[in-house]
Structures are given as structure tokens and as C-alpha cells.
Amino acid sequence: MNFLIIRDTYLKLAVTQIFSIIISAANSMIDTAVTGRFLGPNVVAAAGLFAPVVTLMGFSYVLIIGLQILCSRAVGSGDGRKVVSLFSSGFFFLAACGAVISVSCVLFCEPLIAFLTAGNHDRAVILNLRDYIGGYSYGITFQILYGFLMVFLPMNNNVKLSYVSIAVMLVSNIAMDIAAVYFRLGAFGIGLATSASYVFAFLCVFPGFTDKYKPVHIELGNLCLSRLYEAAILGLPSLMFTLGCTVKGCVMNMTLMRNIGASAVAVMNIQGNICAIAGAVPMGCGGAFMSLGSMYYGENDRESLLMLGRYSLKFGVLLSGTVMLFIMSGAYYVSKFFFEPGQFFEHDYAAFDISERMMLLFPSFLIFNAVYIVFIKAYQLQGKTRLVNIVSFSENIIMAVIAAVLVPFMGDSGVWFSFPLSEIVCLIIIMLSVFINAGRITFSLADWLKLPESFGAKAGEFMEFSVTSAKQAVNISRKVIDFCLGHKISRRKSNIAGLAAEEIAVNIVKHGFRENGRNHADLRITYTGGVLTVRIRDNCPEFDPRKWLDQFSGTDPAANVGIRMIAGLADEMSCQNMAGVNINTVMIKVSGQ
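The notes below deal with the structure included here. Just so you know, these numbers come straight off a predicted model, no measurement behind them.

On to the packing of aromatic side chains, then. Throughout the structure, instances matching the rule amount to 23 aromatic pairs. A centroid spacing of 5.9 Å and a plane angle of 75° characterise the contact between Phe50 and Tyr132, whose relative ring orientation is edge-to-face. With a gap of 82 residues between them, Phe50 in helix α2 (residues 41–56) and Tyr132 in helix α6 (residues 123–136) connect regions that are remote in the sequence. Each member of the pair, Phe50 as well as Tyr132, is classed as buried. An aromatic cluster of three or more residues is present, and its members are Phe91, Phe92, Phe142, Phe202 and Phe206. The ring centre of Tyr379 lies 5.2 Å from the NZ or CZ of Lys450, which sits over that ring.

Okay, structure coming up:
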């Protein structure tokens, strides 16, 4: 098997996800920077008090992550119609949820403010919070839908569209933030700027899902809302994480407000922005692992899943460590970006000092988080929900408890130390569960990923190799036929499998390979459960779905005779694309022969 396809696909997915998370977080950081420098710490504190509500909106990822897992599995099993049905159902359901949240924030604004301020009577903060909620509420639906669409863009291999939407989001947000300051719209203008930027970004991405020839698209007549329950169960850890984050945010804000004051709450808001950007690295790496891992899980491909796990851990730790050092080294300059000492007399010096200290202490959590997320995503894609739910919720509760205990003794430093300490505690919990599950102390990656012995085709049940030239493609038919005959499969069905493997491989080499020598095609044939599966992945240019369909609908009976013949003889045949990797799957039922 050629590791390059796994590596290249993973990197493409990871970079896309990291970049999209960073830009989304940067959108919020721009608001905070403009607010801190031109409107003052009181407005920053107001936005920080609303942060737990923004975090709570992450409930949408209960469905988004669950649907991502189910759709990736469907890609792995070659079920394109299921992908469209799941995606379309999720889109319309999340649109309705976003509308309900937006209206609720407006109708119940006063009770929400009373809860978020926890009885604090700082009138300036309360007025700013009310204005901020008023402006922010308009874009909640589009914010949720934009996050949903960005997760699925890699399945359509449409990275350029994501970059365009990100650029539109940033430019529109900066322009409207400046306008809000210039026209003295205050906290309302800052909130409205964020709303508008998400609307514009959504309008950029949405057309990419209206083409019915794309693997993932919206289809109103193909809804299956009953499947959303299954997605919600798989995505439940995201809800637990979101609830934990919400509780953590409230506890930390209240602890800092009670023990230190508005300056510390303002810095907590900035920490949330910095953490969201820096945390994009482990989150993006984990998201890429889950997308590909779900596909390999759907293919029952143990070897590819283990390769992916090793690379994800190495890449995530290395990149997270680099980001950690970068943040720490720039603590002074980043703090000055948000707070200019001497500009606002009541809070500026204290906020600047707290901010600089925060930047030096909390980033060490990134390395531990990179390891933690890979294991959590591995358990989640397998449906091991109990441990994932417990740890996902506990991670933030542990962090909040540590902060509440340390702040009276260490001041604001106790909050920043709680980040790495909570990650270490969670990794210890995972380690103990692995040892208990294995019945021994083990450092095998398969044991840490908790892959059951029954998962994956056993030795003798599969055969795999790479094709890098036309000569190799022509000769694979004999290998496949010999493999089938060795498993007592009939000569007829063995020949069908051999023909399918050779025909697809030759087409890939002939039409997809380039002279740079970087193209590969990985063939894997498995025989389990009475089903013979031929799967070929290649990193050649993306196939055109229209041309794929035209092969079966053309008027010339002599055209594409090989592909037509395979489609007629096989029980199932599909061609999908996942982040630039073409996946051809042919399934032949052998039982009864």
C-alpha cells in the first residue's frame, strides 16, 4: 500500500480544516482587537460575557460531526445516495434550529443578561452586552450553516471556494468593524459586523452545494430526517464538549469577575480568541483524522486506519508544539495588539499585564490536546460513545474546577494553568481505560485506538498493492483472479473481479497519471462475509461526475465497453471523491455463486 495517498489526503484535509477554523476564530479576534483598542475593555468584557452563549451554539456540531462520520462511512461503502440524503436532511434541520436560537436571543434578552452577569450591577457592561446581543443575533442561522457547509466542502474537493468565502468573511468583517467605530455604533455595530460577515461567507459557499452532479449536494426530495437521530448519537460527544465549555466559560468568568474584576474577564475573552485560533491546529488535525478514519472504517481497512493514526499523532504534536512556541514568544506584542497601556485609565494597565501572563502560560495545553483529540475522534468514529461523552464533558469541568481552586491562591495565573493540567488529567483517564480494556499495560497503537481484533480483514482475506505504471496495471488481473480462486470463488466471478480491477486501473493510468511521477493507485481486494470487494484509490486529478455518468448513457454501444460490462456484471459499482482522492469500488456477492 502506498502511504503517500494517505499522507497527502490527510494533509489536504487538515490544512483546509485548520485554515477554516483559524479564519472563523480570526473573525472574532478582529472584533475583539477593534473593540479593545477603540471602544475599551468594558465592551470587550461584554462580548466575553456573551461568549458562553456563542459556545453553546456549538450544539450544531452534534449533528455536523455525526453526519460527517455517517457520510464518510457511506463514501467508504460506495453509497452516494445516502450521502446526499444525510447532508440535505442536516442542512434543513440546522437552518430551523438556527432560526429558533436567533429569535430566542431577541425575545429573552433580559433574562439572558441577568444570568450572564450573575447579579453584577456594572451598568456600562450590562448596556454593552444588550447592544452586542442585538447585533449578533441576526447572523446566528448563517453562522451555523456556514460551519456545516465548510465541513463538507472537502468531500466536493472544492477548496478554492472555501478560500474565497474566508476572504469575503474577513474583508467584510474588518470593513464593518471600522464602520461601526466610525459611526459610533458601539457594541451593537461590532455584533452586527460579525453577523453580516457570516451572511456573506454563507452566500459564497452555498452555490457549491446546488450542483446535482457533485457528490455532496442539497436535494429537497431526498430527505431522511429519521437518520438524524443516529447522527446525533455519534455526535453526542460534541454536545458534551459544548456543554462543558459553556459551564467552564460561566465559572471562569464569574471567578475572575469576583476575585479580580472586569480586566480579567476582558483578557478571558481574548484568551478565548487566541485559544480558538491556536486550538485550530489540534482540532483540524483531529477533524481530518476523523474524516479519513471514518472512510477507512467504512471500508473495514485496519491497516490504513493505523497508518493514518500514526501520522496524525506525529503531525499534530509537531505542529501544535511549533504554534505553542510561537505564541509564547510573541506574548508582549500580541497583548499590545489588544490593549494599549495608558489609553483607558481604569483597566488598561491591569488588562495588559494579565494578557501577557496569559499568553506565556496557557499555550502548553496544545501538545497534550493534539494527542487527546486523535484518540477521542478514533473512539467517536467507532461509536464508543460512553467514554467519549464522559471525557468530553469532564475535560472542561475539570478545567473549571482547577481554575476555581487555584485562582484564590495564584490569581489569574490559576486560570491559565488549568488548561494544560486538565488535558493531562484527561490523557491519564484515557490511559487507564486503555489498560483496563486491554487487560494489561500496552503501548500498541491498535490498543490505544481501541480497535477490536475482529475489525479489518484478517491475513489471507485481503490482498493489496500499488500501481504506478501501465505495465503494472495490465498485469493485475491475474493476481486478482488467483486470489479469488484461492478462496474457492467460482471461475466466473473471479474473472469479473479480475476484469474490474484491470479495467479501472488501466483507465486510471491512461487518463489520470501525469509525467511528474507522483501519481499512485492503491488496489485492495477483500473477501469477507460472502462479498468480494475491489477498491482502488488514486491521487490523480478529480474525476468529472458528468463524464462518469455519460459512460453509461451514451448512444454508441462500443464506447466504454469495459466499464459498461463491469457495471452489468457487478452487484454494486460506484465512484466517489474524497478531498481529491478518487475511490472506485466494485462489489460482487459470492454467496450462492
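Anyway, onward from the coordinates.
What follows deals with the packing of helix α7 (residues 140–152) against helix α9 (residues 186–205). α9 packs onto α7 with a crossing angle of 35° between their chain directions and a minimal axis gap of 9 Å. Remark: the crossing between α7 and α9 carries left-handed chirality. Between α7, through Phe142, Gln143, Leu145, Tyr146, Leu149 and Met150, and α9, the contact on the second element is made entirely by Tyr198, Val199, Ala201, Phe202 and Val205. Across the contact of α7 with α9, the residue classes break down as 10 nonpolar, 1 polar and no charged.

A grouping of Phe368, Val401, Val405, Phe409, Met410, Phe417, Leu421, Ile424, Ile428, Leu432 and Ile436 is seen on the molecular surface, where their side chains present a nonpolar patch of about 1,000 Å² in accessible area. Elements with a contribution of two residues or more to the nonpolar patch: α17 (385–410) and α18 (413–438). Ranked by residue count, the leading element in the nonpolar patch is α18, at 6 residues. For Ile428, the location among the structural elements is in helix α18. You can call Ile428 partly exposed: its relative accessible area is 40%.

Proximity of charged atoms lets side chains of opposite charge pair with each other. Under the counting rule described, the total for this entry stands at 8 salt bridges. Residues Glu303 and Arg524 are paired through a salt bridge, measuring 3.4 Å at the closest nitrogen-oxygen approach. One end of the pair, Glu303, is in helix α13 (residues 302–329); the other, Arg524, is in strand β2 (residues 521–528), and 221 residues separate them in sequence. Take Glu303: its relative accessible area is 24%, and that puts it in the partly exposed class.

Turning next to the nonpolar core. Of all hydrophobic cores here, the largest spans 144 residues; its most connected members are Tyr10, Phe152, Trp416 and Phe419. Ranked by residues supplied to this core, first place goes to helix α1 (residues 3–39) with 13 residues. Contact partners of Tyr10, with chain neighbours within four places excluded, come to Cys285, Ala288, Phe289, Leu292, Leu308, Tyr311, Ser312 and Phe315. Residues Ile489, Ala497, Ala570 and Val586 belong to the second largest nonpolar core, which totals 29 residues.

When a strand is regular, its side chains alternate between the sheet's two faces. With respect to burial, strand β3 (residues 531–538) is a largely interior element, 7 of its 8 residues being buried. Summarising the sheet, β2 and β3 pair through 8 bridges and their orientation is antiparallel. Pairing of Leu523 across the sheet is with Ile536, part of β3.

Quick look at the environment of Ser469 now. Position of Ser469 among the secondary structure elements: in the loop between β1 (462–467) and α20 (470–486). According to the relative accessible area criterion, Ser469 is partly exposed, its value standing at 27%. Each C-alpha atom of the pair Ser469 and Asn519 lies 9.3 Å from the other, and the pair is 50 residues apart in sequence. Filtering out sequence-adjacent residues up to four positions away, Ser469 remains in contact with Val509 and Phe513.

Cut-offs and rules
- Residues numbered from 1 in each chain as written.
- Predicted model: local features only at pLDDT ≥ 70, side-chain atom pairs only at ≥ 80, totals over all residues.
- Heavy atoms only, no water.
- Phe/Tyr/Trp six-rings, centres within 6.5 Å; stacked < 30°, edge-to-face > 60°.
- Helix = DSSP H or I, 4+ residues; strand = E, 2+ residues; numbered from the N terminus.
- Buried < 20%, exposed > 50% of the residue type's maximum accessible area, 1.4 Å probe, protein only.
- Lys NZ or Arg CZ within 6 Å of the ring centre and 35° of its normal.
- Axes fitted to C-alpha atoms, helices over the stretch in contact; angles between N-to-C directions.
- Left-handed = near helix turned anticlockwise from the far one by under 90°.
- Contact = heavy atoms within 4.5 Å.
- Nonpolar A, V, L, I, M, F, W, Y, C, P; charged D, E, K, R; others polar.
- Patch = residues over 30% accessible without salt bridge, like charges linked within 9 Å, V, L, I, M, F, W, Y side chains within 5 Å.
- Areas by Shrake-Rupley, 256 points an atom, 1.4 Å probe, with all protein chains shown as cover.
- Salt bridge = Lys/Arg side-chain N within 4 Å of Asp/Glu carboxyl O.
- Core = buried A, V, L, I, M, F, W, Y, C linked by side-chain atoms within 4.5 Å.
- Pairing = 2+ DSSP bridges.

Worth remembering: the numbers are spatial, not functional.
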